[in-house]
Amino acid sequence: MFRECINLKSVNFGKINASSLDQIRSLFYICGSLESVDLSNFDTSSVTEMKWMFYKCCSLKSMKFPEGFNTSNVNSMFRVFYQCCSLISLNLSSFDATEVTDVGYMFYNCKNLKYLDIPHFSPINITSIRNMFESMISLIYLNIYSLEINNDTNKVDAFKFLP
């Protein structure tokens, strides 16, 4: 949708009806100038894939999710926040990840991220957690209270280079 919109700085979805979208893969892929996103009214109830959603959004500082952000049908969150270098705090407490199988590189190189809250992130069907938290060198708070890795066949370097 906004793939490689290198000059885009801010997005507010307002009352856009996105309920029929099943994939939001690469939604903001390499939007290097993007600083803030408001997803408060973004209906994700039909979405099954979120791959690369904020991939290399290096200027992204602010994200707003609705309290009931519906991710219950999503099966892939591969590289969702990959190299979001300017994020300092991220609260994903509204995410329901019970159907997710791939969270590989999800927060890879979010080097300024200090606070990550994913207390209800319970992907019981996970098959890949590869490099999920790699190179998060500023991380001082990580809440993964409910994270389950029951069927993980690919745990390689999930926590590599954490402080």
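Above this text is the structure in question.
Positions within a chain are numbered from 1, following the residues in the order the chain's sequence is written. Local features in this predicted model are restricted to residues of pLDDT 70 or higher, and side-chain atom pairs are both shown and tallied only at a pLDDT of 80 or more, whereas totals for entire chains, interfaces and linings draw on every residue. Calculated side-chain values reflect all of the structure's heavy atoms, with hydrogen atoms and water omitted.

Some points on the overall build of the chain
Here comes step 1: The helix count covers DSSP runs of H or I at least four residues long, the strand count covers runs of E at least two residues long, and both are numbered beginning at the N terminus. A count of helices and strands for the chain gives zero helices and six strands.
Here comes step 2: For the chain, the N- to C-terminal ordering of α and β elements is β-β-β-β-β-β.
Here comes step 3: Exposure is judged per residue with a 1.4 Å probe applied to protein chains only, and the accessible area is read against the type maximum: over 50% gives exposed, under 20% gives buried, and values in between give partly exposed. Looking at the chain residue by residue over its 163 residues, the buried ones come to 47%.
Here comes step 4: Two residues qualify as a contact provided that any one of their heavy atoms is within 4.5 Å of a heavy atom in the partner residue. Partitioning the contacts of the chain with sequence separation of at least 6, the portion at a separation of at least 24 is 83%.
Here comes step 5: Only the protein chains shown count as covering a residue, and every accessible area follows the Shrake-Rupley method with a 1.4 Å probe. Surface exposure of the chain reaches about 7,600 Å², of which carbon and sulfur atoms provide 46%.

Quick notes on the packing of aromatic side chains
Here comes step 1: Centres within 6.5 Å make a pair out of two Phe, Tyr or Trp rings, where for Trp the six-membered ring is used; the pair is then stacked when the planes are under 30 degrees apart, edge-to-face when over 60, and tilted otherwise. This structure, assessed with the given rule, holds 18 aromatic pairs.
Here comes step 2: Relative to Phe-133, the ring of Phe-107 lies with its centre 5.8 Å away and its plane at 10°, an arrangement referred to as stacked. Taken together, the residues span a long stretch of sequence, with Phe-107 in the loop between β4 (89-91) and β5 (115-117) and Phe-133 in the loop between β5 and β6 (141-143) at a distance of 26 residues. Each member of the pair, Phe-107 together with Phe-133, is buried.
Here comes step 3: One aromatic cluster is present, built from ring pairs that chain together Phe-2, Phe-13, Phe-28, Phe-42, Phe-54, Phe-81, Phe-107 and Phe-133.
Here comes step 4: By definition here, charges over rings are those cases where NZ of Lys or CZ of Arg is within 6 Å of the ring centre and within 35 degrees of the ring normal. If you follow Arg-3 out to its NZ or CZ, it ends over the ring of Tyr-29, 4.0 Å from the centre.

As for the nonpolar core
Here comes step 1: Phe-28, Phe-54, Phe-81 and Phe-107 are the most contacted members of the largest nonpolar core, which totals 46 residues.
Here comes step 2: In this structure, Phe-81 is in contact with Phe-54, Met-63, Phe-65, Leu-87, Leu-90, Leu-92, Met-106, Phe-107, Tyr-108 and Cys-110, ignoring residues within four places of it in sequence.
Here comes step 3: Listed in part, the six residues of the second largest apolar core include Tyr-29, Tyr-55, Tyr-105 and Tyr-108. Side-chain atoms within 4.5 Å are what join buried Ala, Val, Leu, Ile, Met, Phe, Trp, Tyr and Cys residues into a set we call a nonpolar core.

Structural notes on the pattern of salt bridges
Here comes step 1: Any Lys or Arg side-chain nitrogen found within 4 Å of a carboxyl oxygen on Asp or Glu counts as a salt bridge. Applying the stated criterion across every chain, the model contains two salt bridges.
Here comes step 2: The closest approach of N and O atoms between Arg-3 and Glu-4, which form a salt bridge, is 3.6 Å.
Here comes step 3: Residue Arg-3 is classed as partly exposed on the basis of its relative accessible area, which comes to 45%.
Here comes step 4: Across the pair Arg-25 and Glu-49 runs a salt bridge, and its minimum N-O distance is 2.8 Å. Of this pair, Arg-25 sits in the loop between β1 (10-12) and β2 (36-38) while Glu-49 sits in the loop between β2 and β3 (62-64), and the two are 24 residues apart along the sequence.
Here comes step 5: Since its relative accessible area comes to 40%, Arg-25 is described here as partly exposed.

Digging into unusual backbone geometry
Trans peptide bonds make up the majority, and among non-glycine residues the majority have a negative phi.
Here comes step 1: Of note, the phi angle at Lys-56 is positive, near 55°, even though the residue is not glycine.
Here comes step 2: If you trace the backbone, Lys-56 turns up in the loop between β2 and β3.

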